[in-house]
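# Analysis of the macromolecular model
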Amino acid sequence: MKTITIGLLGLGTVGKGVVALLQKQAPKISRTQDFQFKLKSVAVHNLARHQNDDLPAGTILTDKVATVVDDPEIQIVIEAMGTIEPAKVAICQAILNGKSIISANKDLLATAGPELLDLAKTAKVDFFYEASVAGGIPILRILSSSLETDQITQITGIINGTANYVLTAMDRKKQDYATALQAAQKLGYAEADPTNDVQGIDATYKLIILSRFAFGQSLRCADVPSQGITAITPAQLQSADQLGLKIKLLAVAKEFNHQLFSFVGPAALPAAEPLAHVNGVQNAIAIQSDALGETTYTGPGAGAAPTANSILSDLLATGDDIVKGNCGREFNSYRRPARARSLAAVPQRYLITIAGTGNLLSIASSVPTAQWERQVTSNHYWSGLTPVITQAQLNTLMKKLQKSHQQVAALPLANSWQTTPAPVTV
Ligand code: HSE
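Criteria and cut-off values
Residues numbered from 1 in each chain as written. Predicted model: local features only at pLDDT ≥ 70, side-chain atom pairs only at ≥ 80, totals over all residues. Heavy atoms only, no water. Helix = DSSP H or I, 4+ residues; strand = E, 2+ residues; numbered from the N terminus. Rg over C-alpha atoms; globule rule 2.2 N^0.38 Å. Buried < 20%, exposed > 50% of the residue type's maximum accessible area, 1.4 Å probe, protein only. Domains from an automatic or database assignment. Contact = heavy atoms within 4.5 Å. Buried area = accessible area lost by both parts, 1.4 Å probe. Salt bridge = Lys/Arg side-chain N within 4 Å of Asp/Glu carboxyl O. Pairing = 2+ DSSP bridges. Axes fitted to C-alpha atoms, helices over the stretch in contact; angles between N-to-C directions. Near = heavy atom within 4 Å. Polar contact = N/O pair within 3.5 Å; in protein donor to acceptor, adjacent residues only side chain to side chain. Areas by Shrake-Rupley, 256 points an atom, 1.4 Å probe, with all protein chains shown as cover. Nonpolar A, V, L, I, M, F, W, Y, C, P; charged D, E, K, R; others polar. Expected span 1.5 Å × (residues − 1). Parallel < 35°, antiparallel > 145°, perpendicular 65-115°, else oblique. Left-handed = near helix turned anticlockwise from the far one by under 90°. Arc of directions from axis to C-beta.

## Digging into the overall build of the protein chain
In terms of helices and strands, the protein chain carries 13 helices and 16 strands. Taking 2.2 N^0.38 as the reference for a compact globule, 426 residues should give roughly 22 Å; the C-alpha atoms of the protein chain span a radius of gyration of 23 Å, in line with that estimate. The principal-axis extents of the C-alpha atoms in the protein chain amount to approximately 75 × 45 × 35 Å. For the protein chain, the residues scored as buried account for 54% of the 426 residues in total.

## Let's talk about the domain arrangement of the protein chain
Split by domain assignment, the protein chain resolves into domain 1 (2-135 + 303-324), domain 2 (139-300) and domain 3 (346-412). In this structure, domain 2 and domain 3 have C-alpha centres spaced 25 Å apart. Counting residues at the interface gives 15 residues for domain 2, matched by 14 residues for domain 3. Contact with domain 3 buries area across many residues of domain 2, yet Gln 236, Ser 239 and Leu 243 alone supply 43% of it, more than any other trio. Viewed at the interface, domain 3 and domain 2 are joined by 0 salt bridges.

## Notes on the sheet that holds strand S15 (residues 381-385)
With respect to topology, 4 strands assemble into an open sheet ordered S14-S15-S13-S16, the strand pairing being antiparallel. Every other strand in the sheet has two partners, leaving strand S14 (375-377) and strand S16 (407-412) as the edge strands with one partner each. Averaged over all pairs of adjacent strands, the angle between strand axes in this sheet comes to 10 degrees, irrespective of strand direction. Alignment of strand S13 (residues 350-355) against S15, held across 5 bridges, turns out to be antiparallel.

## Notes on the site of the ligand
Neighbouring residues of the ligand: Lys 106, Asn 160, Gly 161, Thr 162, Tyr 189, Ala 190, Glu 191, Asp 197, Lys 206, Gly 301 and Ala 302. Within the side chain of Thr 162, a nitrogen or oxygen atom sits 2.6 Å from an oxygen atom of the ligand. Taken by itself the ligand offers 260 Å² of open surface, and the protein chains cover 93% of this. Residue composition of the shell around the ligand, grouped by class: 3 nonpolar, 4 polar and 4 charged.

## Some details on the sheet that holds strand S12 (residues 340-342)
In space, the 6 strands of this open sheet follow the order S11-S10-S7-S8-S9-S12, with mixed pairing throughout. Here the strands that pair on one side only, and so sit at the sheet edges, are strand S11 (293-300) and S12. If you compare each strand with its neighbour and ignore which way they point, the axes differ by 20 degrees on average.

## Quick word on helix H9 (residues 201-215)
An ideal rise of 1.5 Å per residue puts 21 Å on 15 residues; H9 measures up with 20 Å between its terminal C-alpha atoms. Immediately downstream of H9, the backbone of Gly 216 shows phi near 70 degrees, a positive value.

## Some details on the packing of helix H6 (residues 161-172) against helix H7 (residues 177-186)
The contact between H6 and H7 brings their axes to 9 Å, and the two run at 135 degrees. With respect to each other, H6 and H7 are oriented oblique. Crossing of H6 against H7: the hand is right-handed. Taking contact as the criterion, the partners of Thr 162, Tyr 165, Val 166, Ala 169 and Met 170 in H6 are, on H7, Tyr 177, Ala 180, Leu 181, Ala 183 and Ala 184. Its residues assigned to classes, the contact of H6 with H7 shows 9 nonpolar, 1 polar and no charged.

## Concerning helix H13 (residues 391-404)
If you check H13, its first and last C-alpha atoms are 21 Å apart, about what 14 residues at 1.5 Å a residue would give, namely 20 Å. Buried within H13 are the following residues: Leu 394, Leu 397, Met 398 and Leu 401. Viewed along the axis of H13, the buried residues span an arc of 100 degrees, placing them on a single side of the element. Of the residues in H13, the exposed ones pointing more than 90 degrees away from the buried face are Ala 392, Thr 396, Lys 399 and Lys 403.

## Digging into the environment of Leu 39
Secondary-structure assignment places Leu 39 in strand S2 (residues 35-43). By relative accessible area, Leu 39 is classed as buried at 12%. Spatially, the C-alpha atom of Leu 39 lies 6.1 Å from that of Thr 5, the residues being 34 residues apart in sequence. The residues contacting Leu 39, other than those within four sequence positions of it, are Ile 6, Gly 7, Leu 8, Val 19, Pro 56 and Thr 59.

## Remarks on the pattern of salt bridges
For the coordinates displayed, the defined rule picks out 19 salt bridges. Across the salt bridge formed by Glu 115 and Lys 88, the nearest N and O atoms sit 3.2 Å from each other. Placement of the pair is Glu 115 in helix H4 (residues 106-122) and Lys 88 in helix H3 (residues 87-96), with a sequence separation of 27 residues. Lys 106 serves as the salt-bridge partner of Glu 191, at 2.8 Å between the closest nitrogen and oxygen. A residue pair is termed long-range when its members are at least 10 positions apart, and Glu 191 in the loop between H7 and helix H8 (195-198) and Lys 106 in helix H4 qualify at 85 residues. For Lys 106, a relative accessible area of 10% gives the class buried. A single network of salt bridges, built from pairs that share partners, joins Lys 106, Glu 191, Asp 202 and Lys 206.

This is the structure we're talking about:
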C-alpha cells in the first residue's frame, strides 16, 4: 500500500481536530483506499503551547513553516492557520514546491482565491477547500458535482455558526449578546478574533466562495453589502416572534438577468421557512435551482470534528489524484464575468421595531400603517411589516420615526426582494 506523506500548518481547534480524526479513521481509510497517510510534521506559532498536544508517535513539531512547506517528502500540505497572512505566503511556497494544498481558510480563498488556484493549476497540484464554507456540510462538492448540470437561481445561507449560536441563545435562553458570544468562543466556534463572525465578514467570505461554485461569478468583498448582528436587540427578536418571524444572519446571492444580487446581514424569516428552524452552531444552505426546485442542506457549521471531516474528504480526493497521477484538476471550473448588484438596494419589505416605554398610541399614530400587512404592540415595543418599499422610501420613513422615537430599527424581510421591476406601493 502506498504511503502519502502530509504536513500540517496550525494546531488550533481545526488542526487538532484533523490530527484526532486522521488517527481515529486511519483503519477505515486503509480499508477503503489503496493508500494511507503519514503525518510527518506540524508547524505551530508557539512551540511551548503545544508541548502536551496529542500527536502520532514520531511526528515532528516545529515553529518553522519551512520545515513543512520545503520538505521534499511531504506531498500534501493542510493549511489550518487561518487569516490571510502568513498563510498566503506558506501556501504559495508549498505550491511552488509541488505540494497539493488543503485549506479551510475562507478569508484567504475569498480574497486571493483565483490567484492561488491559478498558481496551483499551473503547478499541476490539487487545491481543495471544502471546509472553508459551512464547516461540516459538503456543500462545495455538492455544487461542483451533483448540481453541476442544474441552473442555480438563488442561494440563501446561514453560514456563520457563531452568529447563529449567538442569535439563538439571545432568542431562546434570553441571554445578552456578550454572554452568548463568550459561550460560542469557549465552544471553539468563533474565530480567534470574533469580529469577522459578528460583523458579517466571515459570512461574506463564504458567500463569495459559494457564488463562484453556484454562479461562476467571482464577487469582491466591496460588491456585497454586509452588516453584522452586533446591533440586534432583544426587542427585535421578541417583536419578530410576535409576528411569526425569526431573525437570522443570512447570506444571499440571487441571479437575475445574468446579474448577481447579493446581501449579508440580519433578516426576518417567516417561522415556517426551513431556515428559520436552523439553530445554534448549525448552518444551512437553501438552493433554488431550475431542475431541483428548492433543496436545503443543514449541518454543523463550525467545530473541530465537523471541520476536520471536510478536510479529510479533501485529503482522500487529493490522495486519489496523487495515486492516479491526476493532480491539477480544479475543484471548481465554472467561471463567468461578474455582474455584481446589491440586493439591499432593491425594493423589499421591512420589519420595523420601535422599542421603549413611550406612549404606544403616539408611536402607532406616527407610522403610516394603513398598508402595512401585520403589526403588533407590546408594553415595550411596537413593530410592523411594511409593504414593498424602495430604499429611499425606507430612509424617509426611518428619518420620520427617529424624530420622535429613540430606538428605531429596520430589518429586511427575507425573500421579499423585488429583483424584477415591480410597482411600488406606499
Ligand atoms: N467562525 C466560523 C463560524 C467557523 O462561526 O462559522 C467556521 O468557519
